[in-house]
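# Architecture and fold: a report
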Protein chains: 2
Amino acid sequence: MTNQIMVKMVLDAWYSKIKEADDIFNNLTDEQLQNEVAPGRNRGIYLLGHLTATHDGILPLLNFGDRLYPQLDEIFIDNPDKSKPLTTSANELRAYWKNINSTLANHFDKLQPDEWFQKHNAVSQEDFSKQPHRNKLNTIITRTNHVSYHSGQLVFLRK
Amino acid sequence: MTNQIMVKMVLDAWYSKIKEADDIFNNLTDEQLQNEVAPGRNRGIYLLGHLTATHDGILPLLNFGDRLYPQLDEIFIDNPDKSKPLTTSANELRAYWKNINSTLANHFDKLQPDEWFQKHNAVSQEDFSKQPHRNKLNTIITRTNHVSYHSGQLVFLRK
């Protein structure tokens, strides 16, 4: 019962912050996405790709299967904005963003409360036995903070 | 045991994000704090007061006692930046920020894992019996996302 409550707490926060980011992206034109969130900082489109690639990385981490968009990492994770020409359009990235989040939601729905407290794939069995907080649910807490951080920046693209 | 793990997960994230914000504030001069995080947006000093006032509000919410700095709300919560003259210096706000976070840490240390799953003071007993996720620990999840959101903005004050 308590496990179920904890999973609800963490997933409620996740979905609320996904919705916040969604609302920001949906209210920005493709043109606005090309702007930097602040002078000399990342462009909106880079952050859209960055968040999409980060969420895509949750698939193998939580044993949900192969990544959908591994090709995004080189541009949106491994390199800073404006160092490589973008090969993905805003429209494509918007579709990827929606798809990865709904794919994750489908996997989350199937996970039983107890399974959330199992280890994720970036921790060894040995480390996990000493550090049981390094479980699947914990990765959602950190990813929720990550999307909040960037939403705080993306709101600046609004007029 | 699981309760203890869950409390550690949530508090680890909280302390990690407090440290992130601390590092940002500590590396900004008082002069830099007077700048807007992006053109036409909040100043750093406003966000310092805003985060301090928000964290101060956790004291009564979690039954830890009276607020230390209720006078901050009028300027930093109830009104937008630049609508009222600041009556608190950057130095004072820096001290308040450190003090409220360490005061909270002292209270957190004394709370037993099970107590984190009790209701907080903004929910009625009746609502809590139907929505047991509205507990003390949940408020830390939402406040952690809140500090992350504004840290994403405050980093723009760095040169």
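We now turn to the structure provided with this report. (Residues numbered from 1 in each chain as written. Chains lettered and ligands numbered in written order. Predicted model: local features only at pLDDT ≥ 70, side-chain atom pairs only at ≥ 80, totals over all residues. Heavy atoms only, no water.)

In this structure, F108(A), W116(A), I140(A), M6(B), F108(B) and W116(B) are the most contacted members of the largest nonpolar core, which totals 100 residues. When residues no more than four places from it in sequence are discounted, the contact partners of I140(A) are V10(A), L11(A), W14(A), I58(A), L62(A), F108(A) and W116(A). (Core = buried A, V, L, I, M, F, W, Y, C linked by side-chain atoms within 4.5 Å. Buried < 20%, exposed > 50% of the residue type's maximum accessible area, 1.4 Å probe, protein only. Contact = heavy atoms within 4.5 Å.)

All names here are of chain A. Between helix α3 (residues 44–56) and helix α8 (residues 136–154), the shortest axis-to-axis distance is 11 Å and the interhelical angle comes to 170°. Relative to α8, the element α3 is oriented roughly antiparallel. Every residue of α8 that contacts α3 at G44, L47, H50, L51, T54 and H55 is listed here: R143, H146, V147, H150, Q153 and L154. Of the residues assigned to the contact of α3 with α8, the class counts are four nonpolar, seven polar and one charged. (Axes fitted to C-alpha atoms, helices over the stretch in contact; angles between N-to-C directions. Helix = DSSP H or I, 4+ residues; strand = E, 2+ residues; numbered from the N terminus. Parallel < 35°, antiparallel > 145°, perpendicular 65-115°, else oblique. Nonpolar A, V, L, I, M, F, W, Y, C, P; charged D, E, K, R; others polar.)

Let us look at α3(A). Its 13 residues place the ends of α3(A) 18 Å apart at the C-alpha level, agreeing with the 18 Å of an ideal helix rising 1.5 Å per residue. Most of α3(A) sits out of view: 13 of its 13 residues are buried. (Expected span 1.5 Å × (residues − 1).)

Residue and element names in this part refer to chain A. Considering all chains together, one arrives at 13 aromatic pairs over all chains under this definition. Taking 5.5 Å as the distance between ring centres and 75° as the angle between the ring planes, the aromatic pair formed by F25 and W97 counts as edge-to-face. Of this pair, F25 sits in helix α1 (residues 2–26) while W97 sits in helix α6 (residues 90–110); the two residues are 72 residues apart in sequence, bridging distant segments of the chain. Taking the centre distance of 5.1 Å and the plane angle of 65° together, the rings of F108 and W116 count as edge-to-face. (Phe/Tyr/Trp six-rings, centres within 6.5 Å; stacked < 30°, edge-to-face > 60°.)

Before going further, it helps to spend a moment on the interface of chain B and chain A. You'll often see interface size given as the accessible area lost when the parts meet. Contacts between the two partners involve 33 residues from chain B and, on the opposite side, 33 residues from chain A. Interface area lost by chain B to chain A is led by M9(B), Y149(B) and F156(B), which between them contribute 24%. Scanning the region where chain B abuts chain A turns up zero salt bridges. Joining chain B to chain A, the criterion identifies nine residue pairs in polar contact (both at pLDDT 80 or more). When contributions to the side of chain B that touches chain A are tallied by element, the ones reaching two or more residues are α1 (2–26) and α8 (136–154) of chain B. Here the element with the most residues in the side of chain B that touches chain A is α1(B); it accounts for eleven residues. Looking at the side of chain B that touches chain A residue by residue, the class counts come to 16 nonpolar, eleven polar and six charged. (Buried area = accessible area lost by both parts, 1.4 Å probe. Salt bridge = Lys/Arg side-chain N within 4 Å of Asp/Glu carboxyl O. Polar contact = N/O pair within 3.5 Å; in protein donor to acceptor, adjacent residues only side chain to side chain.)

Take the relation of the copies chain B and chain A next. Superposing chain B onto chain A requires a rotation of 180° together with a translation of 0.0 Å along the rotation axis, leaving an RMSD of 0.0 Å. When the rotation and shift are considered jointly, the pair of chain copies conforms to a two-fold rotation axis. Across chain B, the rotation axis passes nearest the C-alpha of Y149(B), at a separation of 2.1 Å. A high fraction, 100%, of the interface residues of chain B reappear at the interface in chain A, so the copies pair face to face through one surface. (Least-squares fit on C-alpha atoms with pLDDT ≥ 70 in both.)

This paragraph deals with the environment of S16(A). Residue and element names in this part refer to chain A. With respect to the helices and strands, S16 occurs in helix α1. S16 gets classed as partly exposed once you look at its relative accessible area, which sits at 39%. C-alpha separation for the pair S16 and P70, spaced 54 residues apart in sequence, amounts to 26 Å.

Turning next to the pattern of salt bridges. Per the stated rule, a full pass over the model turns up 20 salt bridges over all chains. One salt bridge in this structure joins R67(A) and D56(A), with 2.8 Å as the shortest N-O distance. In this pair, R67(A) sits in the loop between α4 (58–61) and α5 (73–76) while D56(A) sits in helix α3, placing the two residues eleven residues apart along the sequence. Classification of R67(A) as partly exposed rests on a relative accessible area of 22%. Residue class for D56(A) comes out buried when judged on its relative accessible area of 0%. The closest approach of N and O atoms between R67(B) and D73(B), which form a salt bridge, is 2.7 Å. You can call D73(B) buried: its relative accessible area is 18%.

These figures come from the coordinates and say nothing about function on their own.
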